[in-house]
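Residue-level structural notes
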Amino acid sequence: MARAAMVLVVAALLILLSSCPSCHAVARLAPPTLAMRRYTAGDDRSGGGGGGAIAAVAPEVQYETRYFTQRLDHFNALPASYGTFQQRYLVNATFWGGKAAPVFVYAGNEGEIELFTNNTGLMWEMAPRFRAMLVFIEHRYYGESMPFAGKAAAYSNSSTTGYLTTTQALADFAELILSLKANLTAHAAPVLVFGGSYGGMLAAWMRMKYPHIFMGAVASSAPILGFYGLSNPYSFYDAISDDFKSESQHCYDVLRNSWSELDKALATDAGRAQLNHIFNMCRGKVDAIPSLLENALVYVAMTDYPTPSNFLTSLPAYPVREVCRAIDQPTSGNDTLSRIKDAMTIYYNHTGGLACFGGAGDEDPYGMLAGWNWQACTEMILTMSYGVSNSSIFQPEPFNFTDILAGCRDYTGLPPRPYWIEAHFGGYDIGNVLKRSASNIIFFNGLRDPWSRGGVLKSISKSIIALVEPEGGHHVDLRFSTKEDPEWLKKVRRKEMRIIADWLTQYYSDEAIA
């Protein structure tokens with residue numbers, strides 16, 4: 001690697017810190033993920049409320065927990081392939097209209113399934129209208145869906161973790177849904193698959209690979225073009241920089257200059273004492289400030305929602321705007337470090353309930369890190385999120401594909417497969433390919449979301465439709481609706497429901513189902 005003695009920190013950015021005490025730049029091993037840890041800045045393991053408070057679950061979120069005996073390996077006949085594990089899935093049949101009524105499936109992301117079940121409001125709100133059954137399937141190797149009888153064994157070595165792949169996960173979903181429909185004698189029931197972020201990628205790929213099982217897909221904020229050769233490797237961090245610059249040139253300038261100020265302060269005892277005083281770090285962990293700042297900026301940009309949210313942490317509406325307001329109108333002082341502290345407070349302590357920054361907290365409450373680290377270094381190598389340009393609000397990091405692959409090989413002990421996703425699912429000339437081979441996919445992207453630069457941004461055919469909103473954040477369309485939703489967001493959801501209604505009408509006509 002370009003920087004010696006790198007160590008993986010336990011954060012969803014999966015950043016590497018240099019061992020040099022005066023060098024606090026961050027380098028990236030794996031891309032950010034929405035199933036990140038909810039950072040808790042309190043001093044104890046229970047958190048202490050405030051910025052890390054979890055939103056109350058909507059009352060309509062009611063489900064039955066079930067388990068399906070899933071095959072370990074769907075693709076060969078070696079004896080080990082016939083091993084099984086229990087895959088968890090959550091079902092709500094309250095509004096289901098019977099054997100020919102729709103089944104709406106959520107393709108589980110890289111985390112415990114409850115996180116996505118509790119936050120995918122669009123499905124819950126559409127179920128009564130379409131008389132749909134809801135099914136949320138947990139991804140293998142996450143949550144309770146662990147092969148080899150538990151997480152410790154599943155992640156013990158590459159021989160056991162090697163069954164964690166996208167192709168295996170898609171086959172899991174297909175097998176489970178076929179079994180569910182057979183048990184219900186609902187062979188004619190149309191199945192639509194939904195997903196956001198990585199789950200959105202899975203949803204799109206499910207429709208492409210299993211069109212006989214899934215008759216349509218809603219793929220929200222799905223960067224299926226985020227791989228090597230398909231998108232600009234600097235695009236993710238450039239998009240975040242553009243978000244902040246669009247709010248305030250001064251905010252952009254302060255953020256760009258903050259890293260040199262932090263490095264300067266961290267290099268001396270006096271500077272470190274100053275940082276501890278300004279940021280009020282739990283147990284004096286001032287070395288964590290650069291990574292905490294980057295973490296906050298990334299996830300504020302991704303979840304730049306138009307209404308208050310509690311998905312990852314408690315945030316106000318339009319948090320990018322609020323971060324820039326904190327920088328431009330500081331309350332702690334007019335120097336750069338005080339402005340940065342006020343900005344970080346928006347993400348880590350918006351509600352004001354935490355006493356200090358950088359506490360222990362629960363570093364992986366959604367069970368994400370072990371699995372995503374593996375996936376992001378074997379096949380989900382989203383190169384769009386590795387380079388940092390000289391004009392970024394982050395410290396520059398030249399894109400070096402060779403170093404990325406070497407770092408991944410060091411991490412997993414296996415050669416990464418950076419071209420496998422494109423080979424298996426496609427990517428090059430995606431418009432013409434999908435026009436000839438696919439149908440019934442909605443790709444939603446909000447341009448405030450940095451992942452949108454790896455998404456499908458133009459409609460491909462009458463039934464492969466791109467819905468693009470300049471003010472949208474990361475899979476904002478899938479969230480529960482609120483009275484404060486802007487009109488553009490209401491229109492997006494109405495469009496999605498109309499498109500789904502058209503698909504179902506066509507399906508019932510083709511199948512001659514009254």
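Residues numbered from 1 in each chain as written. Predicted model: local features only at pLDDT ≥ 70, side-chain atom pairs only at ≥ 80, totals over all residues. Heavy atoms only, no water.

1. So, the overall build of the protein
When helices and strands are counted, the protein shows 17 helices and 11 strands. Contacts in the protein between residues at least 24 apart in sequence constitute 72% of all its contacts with a sequence separation of at least 6. When the accessible surface of the protein is totalled, it reaches about 19,200 Å², and 52% of it is carbon and sulfur. (Helix = DSSP H or I, 4+ residues; strand = E, 2+ residues; numbered from the N terminus. Contact = heavy atoms within 4.5 Å. Areas by Shrake-Rupley, 256 points an atom, 1.4 Å probe, with all protein chains shown as cover.)

2. Quick look at the nonpolar core
Within the largest apolar cluster, 153 residues are counted, with the highest numbers of intra-cluster contacts made by Phe104, Val135, Ile177, Trp205, Phe244, Phe279 and Ile500. Each of domain 1 (64-225 + 427-512) and domain 2 (241-349) accounts for three or more of the residues forming this core. Not counting residues within four places of it along the chain, the set of residues in contact with Phe244 comprises Cys251, Leu255, Leu297, Val300, Ala301, Val320, Val323, Cys324 and Ile393. Membership of the second largest hydrophobic core comes to five residues, among which are Ile381, Tyr386, Phe401 and Ile404. (Core = buried A, V, L, I, M, F, W, Y, C linked by side-chain atoms within 4.5 Å. Buried < 20%, exposed > 50% of the residue type's maximum accessible area, 1.4 Å probe, protein only. Domains from an automatic or database assignment.)

3. As for the packing of aromatic side chains
Any two aromatic rings considered together are summarised by their centre-to-centre distance and by the angle between their planes. Evaluation of the coordinates by the stated rule reveals 21 aromatic pairs. Aromatic side chains Tyr507 and Tyr508 sit 5.6 Å apart centroid to centroid with 75° between the ring planes, which places their arrangement in the edge-to-face category. Looking at Tyr507, the relative accessible area reads 15%, which means it is buried. Members of the aromatic cluster, connected to one another through ring pairs, are Phe236, Tyr237, Trp259, Phe394 and Trp451. The ring of Tyr252 is capped by Lys245, whose NZ or CZ atom sits 4.8 Å from the centre of that ring. For the cation-ring pair, Arg321 lies above Tyr318, with the distance from its terminal atom to the ring centre recorded as 4.4 Å. (Phe/Tyr/Trp six-rings, centres within 6.5 Å; stacked < 30°, edge-to-face > 60°. Lys NZ or Arg CZ within 6 Å of the ring centre and 35° of its normal.)

4. Points about helix α5 (residues 166-183)
For α5, which comprises 18 residues, the first-to-last C-alpha distance of 26 Å matches the rise-based estimate of 26 Å (1.5 Å per residue) to within 8%. Burial within α5 is extensive, with 13 of its 18 residues counted as buried. Looking one or two residues beyond α5, the residue adopting positive phi is Thr185, at roughly 45°. (Expected span 1.5 Å × (residues − 1).)

5. Thoughts on the confidence of the model for the protein
On average, the protein scores 89 in pLDDT, and the residues at 70 or more come to 88%. A low-confidence stretch, residues 1-27 stays under pLDDT 50, and its non-local contacts, those more than four residues away or across chains, total 82 contacts. Here residues 34-53 scores under 50 on pLDDT; set against residues more than four positions off or in separate chains, the count is 82 contacts. (pLDDT = per-residue confidence, 0-100.)

6. Some remarks on a positive patch on the surface
A cluster of basic side chains, namely Arg129, Lys491, Lys495 and Arg498, defines a positive patch on the protein surface. A per-element tally of the positive patch places helix α17 (residues 487-510) first, with three residues. (Patch = residues over 30% accessible without salt bridge, like charges linked within 9 Å, V, L, I, M, F, W, Y side chains within 5 Å. Salt bridge = Lys/Arg side-chain N within 4 Å of Asp/Glu carboxyl O. Lys, Arg positive; Asp, Glu negative; His and termini not counted. Charge placed at Lys NZ, Arg CZ, Asp CG, Glu CD.)

7. A closer look at the state of the cysteines
Taken as a whole and judged by the stated rule, the model has three disulfides. The residue that forms a disulfide with Cys251 is Cys324, at a sulfur-sulfur distance of 2.2 Å. Negative torsions about the S-S bond denote left-handed disulfides, and the value of about -70° found for Cys251 with Cys324 makes this one left-handed. Here Cys324 lies in helix α11 (residues 319-328) and Cys251 lies in helix α8 (residues 249-266), a separation of 73 residues in the sequence. Through a disulfide, Cys282 is tied to Cys356; the S-S separation comes to 1.9 Å. In this structure the cystine formed by Cys282 and Cys356 twists about its S-S bond by roughly 95°; its chirality is therefore right-handed. Of this pair, Cys282 sits in the loop between α9 (269-279) and α10 (289-302) while Cys356 sits in the loop between α12 (336-348) and α13 (369-378), and the two are 74 residues apart along the sequence. Across this residue pair, the class does not change: Cys282 and Cys356 are buried. Taken in sequence order, the bonded cysteines of the protein link in the pattern 1-3, 2-4, 5-6. (Disulfide = S-S within 2.5 Å.)

8. A few points about the packing of α10 against α12
Taken N-terminus to C-terminus, the directions of α10 and α12 make an angle of 55°; their axes are 10 Å apart at the nearest point. Classified by the interaxial angle, the pair formed by α10 and α12 is oblique. As α10 packs across α12, the resulting crossing turns out to be left-handed. Two secondary-structure elements touch here, α10 through Ile289, Leu292, Leu293, Asn295, Ala296, Tyr299 and Val300 and α12 through Ile340, Met344, Tyr347 and Tyr348. (Axes fitted to C-alpha atoms, helices over the stretch in contact; angles between N-to-C directions. Parallel < 35°, antiparallel > 145°, perpendicular 65-115°, else oblique. Left-handed = near helix turned anticlockwise from the far one by under 90°.)

9. Observations concerning the side chain of Ser235
Along the polypeptide, Ser235 turns up in helix α7 (residues 235-247). A distance of 2.7 Å separates a polar side-chain atom of Ser235 from the backbone oxygen of Asn232. Each residue touching Ser235, except ones within four places of it in the same chain, is listed here: Met384 and Arg453. (Polar contact = N/O pair within 3.5 Å; in protein donor to acceptor, adjacent residues only side chain to side chain.)

10. Considering the environment of His74
Among the structural elements, His74 can be located in the loop between β4 (64-71) and β5 (84-92). We classify His74 as buried; its relative accessible area is 17%. Counting along the chain gives 94 residues from His74 to Gln168, while the straight-line C-alpha distance between them is 6.6 Å. Not counting chain neighbours up to four residues away, the residues in contact with His74 comprise Arg140, Gln168, Ala171, Asp172 and Glu175. Separated by 2.6 Å, the side chains of His74 and Asp172 make a polar contact.

11. Some details on the side chain of Asp172
One can find Asp172 in helix α5. Residue classification places Asp172 among the buried residues on the basis of a relative accessible area of 0%. Beyond its immediate sequence surroundings of up to four residues, Asp172 is in contact with Gln70, Arg71, His74, Phe85, Gln87 and Arg140.

12. Concerning α17
End to end, α17 covers 35 Å across 24 residues, agreeing with the expected 34 Å (1.5 Å per residue, within 8%). Ala512 sits one or two residues past α17 and shows a positive phi near 55°.

13. Quick look at the sheet that holds strand β8 (residues 191-196)
Spatially, the eight strands line up as an open sheet ordered β4-β5-β7-β6-β8-β9-β10-β11, and their pairing is mixed. The sheet terminates laterally at β4 and β11 (464-469), the two strands that pair on one side only. Pairs of neighbouring strands in the sheet enclose a mean axial angle of 20°, with direction left out of account. For strand β10 (residues 441-446) and β11, the ladder comprises six bridges, and the chain directions are parallel. Bridge pairing links Gly446 to Glu469 in β11. Packed onto the sheet, helix α2 (residues 121-130) meets β5, β6 (103-107), β7 (133-137) and β8 and runs at close to 150° relative to β7. (Pairing = 2+ DSSP bridges.)

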